[in-house]
Amino acid sequence: MAAEEVSPNEEAKERLPINRREFLNYAWLVSLGFFTISVAGITYLFALPRFKEGEFGGVITVGTVENLPNISDPPDNYAKTKFWLSHTPEGLVALYKVCTHLGCLYNWNGQEIKYICPCHGSQFEKDGKYIQGPAPRSLDQFVVRIESPEGELIVETDPATGAPIPVPDNPDAIIKVDTGTRIIGKQHA
Ligand code: FES
């Protein structure tokens, strides 16, 4: 009986591990896999908080009401997280440490009981209100939140007014400053 003849094309096809169509399918699947992993990775990175708690840009726990400076004391300087915590007769404010004129770091002046910028002399009240100088507006500030020890919100800064918040009687209430939420100071006339 004569052996069955195999054409050269069929012989070549048999020798290939995969044909062209299969190769393209695999390549497409691999590309799709890479694309899906990339999208998932980017989505995950965006979902992460941009700032860690306790760092500038995040929420800073500054302590309890019991440990607040008195109204007559100088404001507390939070140098690393860039704010002053001022305890005023009307309540608490957290003032962004950057001058609203050209961005210098202003200081508290204990003799004159006000903030004074060393660069061009702008001056601000203890609660951040503009007094005089080339600054176009009062100091910017951050939202202050006071919570019960159980984590319930008692009071927080109203971003619309930026008014100081009253300090509750509970000495264990916890004070937090959200340095990710800046309230722009009011323009003066
Ligand atoms: S930068 Fe503060 S007064 Fe100019």
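Calculation notes
Residues numbered from 1 in each chain as written. Predicted model: local features only at pLDDT ≥ 70, side-chain atom pairs only at ≥ 80, totals over all residues. Heavy atoms only, no water. Helix = DSSP H or I, 4+ residues; strand = E, 2+ residues; numbered from the N terminus. Buried < 20%, exposed > 50% of the residue type's maximum accessible area, 1.4 Å probe, protein only. Polar contact = N/O pair within 3.5 Å; in protein donor to acceptor, adjacent residues only side chain to side chain. Contact = heavy atoms within 4.5 Å. Pairing = 2+ DSSP bridges. Phe/Tyr/Trp six-rings, centres within 6.5 Å; stacked < 30°, edge-to-face > 60°. Lys NZ or Arg CZ within 6 Å of the ring centre and 35° of its normal. Salt bridge = Lys/Arg side-chain N within 4 Å of Asp/Glu carboxyl O.

**Brief notes about the side chain of His87**
Residue position: His87 is located in strand E3 (residues 83–88). What makes His87 buried here is its relative accessible area of 12%. Of note is the side chain of His87, whose polar atom sits 2.6 Å from the backbone oxygen of Pro69. Sequence-distant contacts of His87, defined by excluding residues within four places in its chain, comprise Leu68, Pro69, Asn70, Ile71, Leu92, Lys126 and Val167.

**Examining the environment of His101**
If you trace the backbone, His101 turns up in the loop between strand E4 (91–96) and strand E5 (107–109). Accessibility expressed as a relative area gives 26% for His101, which makes it partly exposed. C-alpha of His101 to C-alpha of Pro134: the two residues are 33 residues apart in sequence and 6.4 Å apart in space. In contact with His101, other than residues within four places in its own chain, are His120, Ser122, Pro134, Ala135 and Pro136.

**Observations concerning the sheet that holds strand E6 (residues 114–116)**
One key point about sheets: their strands pair by backbone hydrogen bonds, in either a parallel or an antiparallel sense. Pairing is antiparallel in the open sheet, where 4 strands are placed in the order E5-E6-E7-E8. In the strand order of this sheet, the two ends are held by E5 and strand E8 (130–132), each with one partner.

**Things to note about the packing of aromatic side chains**
If you walk through the whole model with that rule in mind, you get 9 aromatic pairs. On the basis of an interplanar angle of 75° and a centroid distance of 6.5 Å, the ring pair of Phe124 and Tyr130 is categorised as edge-to-face. We classify Phe124 as buried; its relative accessible area is 0%. Among the aromatic residues, those joined into a ring-pair cluster are Trp84, Tyr106, Trp108, Tyr115, Phe124 and Tyr130. Between the NZ or CZ atom of Lys82 and the centre of the ring of Phe56, over which it lies, the distance is 4.4 Å.

**So, the pairing of strand E9 (residues 141–147)**
By the criterion of burial, E9 is predominantly enclosed, with 6 of the 7 residues buried. The pairing of E4 with E9 spans 2 bridges and is antiparallel. In the strand pairing of E9, Ala94 is matched with Phe142. In the sheet, E9 pairs with strand E10 (residues 153–156) via 3 bridges, with the strands oriented antiparallel. The residue of E10 that forms the bridge with Glu147 is Leu153.

**Overview of unusual backbone geometry**
Backbone geometry places Lys82, a non-glycine residue, at a positive phi of 65°. Turning to its location among the elements, Lys82 is positioned in the loop between strand E2 (76–78) and E3. For Lys82, a relative accessible area of 36% puts it in the partly exposed group. Look at Ile113: it is not a glycine, yet its phi comes out positive at around 55°. Tracing the backbone shows Ile113 in the loop between E5 and E6.

**A few points about the pattern of salt bridges**
Under the defined criterion, the tally for this structure stands at 7 salt bridges. One salt bridge in this structure joins Arg145 and Asp178, with 3.4 Å as the shortest N-O distance. Here Arg145, found in strand E9, pairs with Asp178, found in strand E11 (residues 174–183); they are 33 residues apart in sequence, far enough to count as distant. The exposure class assigned to Arg145 is partly exposed, which follows from its relative accessible area of 24%. Overlapping salt bridges, with partners in common, bring together Arg137, Asp140 and Arg182 in one network.

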